[in-house]
Amino acid sequence: MRQIILDTETTGLDPDQGHRIIEFAGLEMVNRKLTGKHLHLYIHPERDIDPDAERVHGISLASLEGKPRFAQVAAELADFMRGAELIIHNAPFDVKFLNAEFDRLGLPLVKDVAAQVTDTLAMARDQFPGKRNSLDALCDRFEIDRSNRTLHGALIDCELLSEVYLWMTRGQESLVMDIDVDNGSQQAGDIHFERKPLSVRRASEEELAAHQSYLGELDKAVKGSCLWRTLENPPSGEAA
C-alpha cells in the first residue's frame, strides 16, 4: 500500500478554538522506500498565531503573507492523501485539524479520503511502555541524527518520522523486503536462497538410557504402555 508520512504545524493546540493549519508536509513511501514524491505547503491561517506555538515551530504570521489559504490547497492535499495509509506521530492531533479544515469547506473528512491512519506514538507506547516516546526521544533511542532540527517543522519532522517508522516496523519485513527489484534486473520470484544442509545430532547412549527410564515411569503411571511406545513401535505397515 502507498503510505504518506505526514505532519502539520498549527496556530495553536485546538481547532475547536479556531486554530488553523499553517504548514503541511507529506512524504510518499512505497514498499518501505521513500519515492521522492512529496507535498510541502505553507498556508495563511487567516488569524493570529499563538506566541507559544510560534516559539515551537518558529513560523510567524508575517512570514505567511502571500501564502495560499487552506481553501486554495484543500483539493491538492486531499488528492495527495487519497487511498494512502497515513503515518502520523500523535495522529489524533493532526487528523482533528485536517478534519476541521475539510469540514469548514464542506469536503470529505480524512477517513473518507485516506485508506487508514497509523499513529506511531501509539505504536511506540506499545513497544516502549513507561518510556518517553516523543519524536526526539525515539530518534535518540534509534540513534537517528536530528542535529539539523532546531525547531519543529513539518517537513523535517516527516523525514525523521520516516526513519523512526522503519525502525519500529523492522520485524514486519520479509526475506526479500530490502532487495531492490525496481530496476527490473531481477524479479522477487526469481530469487533463490542457498540453504546449508541441516546438521543432525544423534542422542548419546546415556541420553537414550535416560529416555527409556523416563518411559518406564510413564508406563507405571498409566498402568500399561504409554503413547510414546506406540509411536516408537508403530503397527506393521504404518510409517513411524
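Residues numbered from 1 in each chain as written. Predicted model: local features only at pLDDT ≥ 70, side-chain atom pairs only at ≥ 80, totals over all residues. Heavy atoms only, no water.

As annotated in an unreviewed UniProt entry, the protein chain carries the name DNA polymerase III subunit epsilon and is attributed to Aquitalea magnusonii. Listed under Subunit (unreviewed entry) in UniProt, the entry text for the protein chain is "DNA polymerase III contains a core (composed of alpha, epsilon and theta chains) that associates with a tau subunit. This core dimerizes to form the POLIII' complex. PolIII' associates with the gamma complex (composed of gamma, delta, delta', psi and chi chains) and with the beta chain to form the complete DNA polymerase III complex." The record in UniProt for the protein chain states the following under Catalytic activity (unreviewed entry): "DNA(n) + a 2'-deoxyribonucleoside 5'-triphosphate = DNA(n+1) + diphosphate". (UniProt positions renumbered as here; feature names shortened; annotations may be inferred.)

### Some points on the environment of aspartate 14
The topology assignment puts aspartate 14 in the loop between strand S1 (3-10) and strand S2 (21-30). Between the C-alpha atom of aspartate 14 and that of phenylalanine 97, which follows or precedes it by 83 residues, the distance is 7.7 Å. When sequence neighbours within four positions are dropped, the list of residues in contact with aspartate 14 reads His19, Lys96 and Phe97. Within the structure, aspartate 14 has its side chain in polar contact with the side chain of lysine 96 (distance 3.5 Å). (Helix = DSSP H or I, 4+ residues; strand = E, 2+ residues; numbered from the N terminus. Contact = heavy atoms within 4.5 Å. Polar contact = N/O pair within 3.5 Å; in protein donor to acceptor, adjacent residues only side chain to side chain.)

### Re the UniProt feature "binding site: a divalent metal cation" (unreviewed entry) in the protein chain
When the UniProt feature table is mapped onto this chain, "binding site: a divalent metal cation" (unreviewed entry) is found at Asp7, Glu9 and Asp157. These annotated residues cover 151 residues of sequence, and their C-alpha atoms all fall within 10.2 Å of one another, placing them together at a single site. As for its placement among the helices and strands, aspartate 7 is situated in strand S1. Apart from residues no more than four positions distant in its own chain, aspartate 7 is found in contact with Glu23, Phe24, Ala25, Asp94, Gly153, Ala154, Asp157 and Cys158. With respect to the helices and strands, aspartate 157 occurs in helix H7 (residues 154-168). We classify aspartate 157 as buried; its relative accessible area is 7%. (Buried < 20%, exposed > 50% of the residue type's maximum accessible area, 1.4 Å probe, protein only.)

### A short note on the confidence of the model for the protein chain
On average, the protein chain scores 86 in pLDDT, and the residues at 70 or more come to 81%. For residues 174-193, every residue scores under 50 in pLDDT, and the model assigns this stretch 14 contacts once sequence neighbours within four places are set aside. (pLDDT = per-residue confidence, 0-100.)

### With respect to the packing of aromatic side chains
Counted according to the given criterion, the structure contains 4 aromatic pairs. Judged by centre distance (5.7 Å) and plane angle (65°), the ring pair of phenylalanine 70 and phenylalanine 102 falls under edge-to-face. Of this pair, phenylalanine 70 sits in helix H2 (residues 70-81) while phenylalanine 102 sits in helix H3 (residues 91-104), placing them 32 residues apart in sequence. By relative accessible area, phenylalanine 70 is classed as buried at 1%. For arginine 2, the ring lying beneath its charged end belongs to phenylalanine 80, and the centroid distance is 5.5 Å. Over the face of the ring belonging to phenylalanine 128 we find arginine 141, whose NZ or CZ atom lies 4.6 Å from the ring centre. (Phe/Tyr/Trp six-rings, centres within 6.5 Å; stacked < 30°, edge-to-face > 60°. Lys NZ or Arg CZ within 6 Å of the ring centre and 35° of its normal.)

### Things to note about the pattern of salt bridges
Enumeration according to the criterion identifies 12 salt bridges in this entry. Between glutamate 28 and arginine 2 there is a salt bridge, with its nearest N and O atoms 2.5 Å apart. Taken together, the residues span a long stretch of sequence, with glutamate 28 in strand S2 and arginine 2 in the segment before S1 at a distance of 26 residues. Residue classification places glutamate 28 among the buried positions, given a relative accessible area of 10%. Among the residues examined, arginine 2 registers a relative accessible area of 22% and is labelled partly exposed. Residue arginine 20 pairs with glutamate 101 through a salt bridge whose shortest N-O separation is 3.0 Å. (Salt bridge = Lys/Arg side-chain N within 4 Å of Asp/Glu carboxyl O.)

### Some remarks on helix H8 (residues 205-222)
Between its terminal C-alpha atoms H8 stretches 26 Å, which fits the 26 Å expected from 18 residues at 1.5 Å a residue. The positive-phi residue at the C-terminal boundary of H8 is lysine 223, with phi of around 55°. (Expected span 1.5 Å × (residues − 1).)

### Some points on the side chain of aspartate 119
By the secondary structure assignment, aspartate 119 is in strand S5 (residues 116-119). This buried residue, aspartate 119, is left without a salt bridge; arginine 125 holds the nearest opposite charge, at 6.1 Å. Engagement of the side chain of aspartate 119 in a polar contact is seen with the backbone nitrogen of alanine 91, the distance being 3.2 Å. (Lys, Arg positive; Asp, Glu negative; His and termini not counted.)

### Focus on the environment of leucine 41
Among the secondary structure elements, leucine 41 is positioned in strand S3 (residues 33-42). Sequence separation between leucine 41 and phenylalanine 24 is 17 residues, and the spatial gap between their C-alpha atoms is 5.3 Å. Beyond its immediate sequence surroundings of up to four residues, leucine 41 is in contact with Ile22, Glu23, Phe24, Val73, Glu76 and Leu77.

### Description of H3
In this model, H3 (14 residues) spans 20 Å end to end at C-alpha, consistent with the 20 Å of a helix rising 1.5 Å per residue. Those residues of H3 lying buried are Ala91, Asp94, Val95, Phe97, Leu98, Glu101 and Phe102. Across the axial projection of H3, the buried residues extend over an arc of 160°, all falling on one side. Away from the buried face of H3 by more than 90 degrees, exposed residues Pro92 and Asp103 are located. A positive phi of about 70° marks glycine 106, the residue just after H3. (Arc of directions from axis to C-beta.)

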